[in-house]
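For reference, the chains in residue letters:
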Amino acid sequence: MAGQARNDILSPAFVKPFLRQQLERFPVRLQELDFFLSQPDVVNDMERYREITREHAEVTEINGVYQRFLQRERDLAQAREMLEDADLAEMAREEIAGLDTELPQLEADLQALLLPRDPDDVRNIFLEIRAGTGGDESALFAGDLLRMYTRYAERQGWRTEIVSESEGDVGGYKEVVVRMAGEGAYGKLKFESGGHRVQRVPTTESQGRIHTSACTVAALAEPDEAAAVQINPADLRIDTYRASGAGGQHVNKTDSAVRITHIPTGIVAECQDDRSQHRNKAKAMQVLVARIQEKDRSERAAKEAATRKGLIGSGDRSDRIRTYNFPQGRMTDHRINLTLYKLAAILEGDLDEVIAALLLARRAEQLEELEVGMGGVRT
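Residues numbered from 1 in each chain as written. Predicted model: local features only at pLDDT ≥ 70, side-chain atom pairs only at ≥ 80, totals over all residues. Heavy atoms only, no water.

Let us now look at the packing of aromatic side chains. A full pass over the atoms with the stated rule returns three aromatic pairs. When the ring of Phe141 is compared with that of Tyr324, the centres are 5.4 Å apart and the planes differ by 65 degrees; the resulting orientation is edge-to-face. Taken as a pair, Phe141 in helix H7 (residues 136-156) and Tyr324 in strand S9 (residues 320-325) lie far apart in primary sequence, 183 residues in all. Among the residues examined, Phe141 registers a relative accessible area of 0% and is labelled buried. (Phe/Tyr/Trp six-rings, centres within 6.5 Å; stacked < 30°, edge-to-face > 60°. Helix = DSSP H or I, 4+ residues; strand = E, 2+ residues; numbered from the N terminus. Buried < 20%, exposed > 50% of the residue type's maximum accessible area, 1.4 Å probe, protein only.)

Structure representation (structure tokens):
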């Protein structure tokens, strides 16, 4: 394995040609952007100035890594020449050994920088969890999923709040929406959308038989207020009602809960978490816009899937993405054939390994798409 890696590094085409072709554009583009930023008309146009400044920062970062990569390539060529000198051969071997580690990492960094970035990745997230087949057991499992995600959020240092909830008859939730606020929340949890299946012996099962039930999860990026879809107020029906659950006498006296229906699509969002009707309306509106945006995103993904079936899938609720098997203590993500035998830890929020594997798989998909788009040939 190590020998193979060494041979790859000594190859003159260590970075794939289609990637190198893209990277060679960045020094030229950086000069163009420097010129634009020196022009008075650009400096005086704040919107254009911000746009060019943002691109300048991205291009500078990529070009910096690429220039370091080129320098290390030159270092490699010199080290190979030194191998011919008996007095310098040992030093050359040490240099090549260092490059054996550094060059692959630089290539991986360049690949990551070239891949398209989802602008929503940095945003907060709404997670919807709905009980599906399985009755009371499904509602209990929805509660387990909520606990798993909130524990993960705690590990990340994110803030969480329940936006709306409908409790199950014996515990758990028929449906619950939780907001998680933290840097990159959506980017880390966006692949949780889909069907989650559980296999276990319910506490109510006297014969010890394993039951299968399911929940669905939808991951929604919190809308950017400045760029959110525009909704005609005439397309909305807003209903108020009395909140249910804890809240003392206030609950029985005030119609503080809010339900908003987007008439053209039939999409509904509601919130009863706050005692203020105004704040509940604002939260419900956020969820409604997030659901409308996710509908648009899902439709685009479905069109793409018609020509290319992605490994990660479209994020549709009907996609069964994961199984939690209690008797065997395992979790299996069917999209990437990942099985981990640490179910208890995962349900306590230890999702790092799962999320990292999903992000790596998506990165591989994007790299393949990039190569195809550049006219590259898969080997």
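Reading across the sheet, the eight strands line up as S2-S3-S1-S5-S4-S9-S10-S11 and stay open at both edges, with mixed pairing between neighbours. At either margin of the open sheet sits one strand with a lone partner, and together these are strand S2 (159-167) and strand S11 (338-340). With strand direction ignored, the average angle separating the axes of adjacent strands in the sheet is 15 degrees. Relative to strand S3 (residues 173-181), strand S1 (residues 125-131) is paired through six bridges, and the arrangement is antiparallel. Bridge pairing links Leu127 to Val178 in S3. (Pairing = 2+ DSSP bridges. Axes fitted to C-alpha atoms, helices over the stretch in contact; angles between N-to-C directions.)

Attention now moves to the pattern of salt bridges. As enumerated under the stated definition, the model contains 31 salt bridges in all. Notably, a salt bridge pairs Arg322 with Asp333, separated by 3.1 Å at the nearest N-O pair. Of this pair, Arg322 sits in strand S9 while Asp333 is found in strand S10 (residues 330-333), placing the two residues 11 residues apart along the sequence. The same class applies to Arg322 and to Asp333, which are both buried. We note a salt bridge from Arg362 to Glu365, for which the minimum N-O separation is 2.8 Å. Of this pair, Arg362 and Glu365 both sit in helix H12 (residues 352-373), three residues apart, which is roughly one turn of the helix. The exposure class assigned to Glu365 is buried, which follows from its relative accessible area of 11%. Linked through salt bridges whose partners overlap, the residues forming this network are Arg68, Arg72, Asp75, Glu95 and Glu102. (Salt bridge = Lys/Arg side-chain N within 4 Å of Asp/Glu carboxyl O.)

Below, the discussion takes up the environment of Ala361. You can see Ala361 is positioned in helix H12. Residue Ala361 is classed as buried on the basis of its relative accessible area of 11%. In this structure the C-alpha to C-alpha distance between Ala361 and Ile336, which are 25 residues apart in sequence, comes to 7.3 Å.

Attention now moves to helix H3 (residues 26-37). If you check H3, its first and last C-alpha atoms are 16 Å apart, about what 12 residues at 1.5 Å a residue would give, namely 16 Å. Contacts made by the buried residues of H3 are with helix H2 (17-23), helix H5 (46-82) and helix H6 (89-114). (Expected span 1.5 Å × (residues − 1). Contact = heavy atoms within 4.5 Å.)

Okay, the nonpolar core next. Soluble globular proteins tend to bury their nonpolar side chains together. In this structure, Leu127, Leu145, Tyr149, Met180, Leu189 and Tyr324 are the most contacted members of the largest nonpolar core, which totals 38 residues. Broken down by element, the residue count for this core peaks at eight residues, all from H7. Residues Leu30, Val59, Leu76 and Leu110 belong to the second largest nonpolar core, which totals 26 residues. (Core = buried A, V, L, I, M, F, W, Y, C linked by side-chain atoms within 4.5 Å.)

Remember that side chains alternate between the two faces of the sheet whenever the strand is regular. Along S3, seven of the nine residues are buried, which leaves the element largely enclosed by surrounding structure. Of the strand pairs in this sheet, S2 and S3 are connected by eight bridges, and their pairing is antiparallel. Each bridged residue has a counterpart across the sheet, and for Glu161 the counterpart in S3 is Arg179. The turn joining S2 and S3, which pair antiparallel and follow one another in sequence, is formed by five residues; a positive phi near 125 degrees is taken by Gly171.

In this model, Asn337 sits at a positive phi of 55 degrees, which is unusual for a non-glycine residue. Inspection of the secondary structure assignment puts Asn337 in the loop between S10 and S11.

Here we come to the side chain of Thr323. Structurally, Thr323 can be placed in strand S9. Judged by its relative accessible area of 1%, Thr323 falls in the buried class. Reaching out from Thr323, the side chain makes a polar contact with the side chain of Arg197 at a distance of 3.1 Å. At 2.7 Å, the side chain of Thr323 forms a polar contact with the side chain of His334. Non-local contacts of Thr323, meaning those with residues more than four positions away in its chain, are made with Arg197, Gln199, Arg330, Met331, Thr332 and His334. (Polar contact = N/O pair within 3.5 Å; in protein donor to acceptor, adjacent residues only side chain to side chain.)

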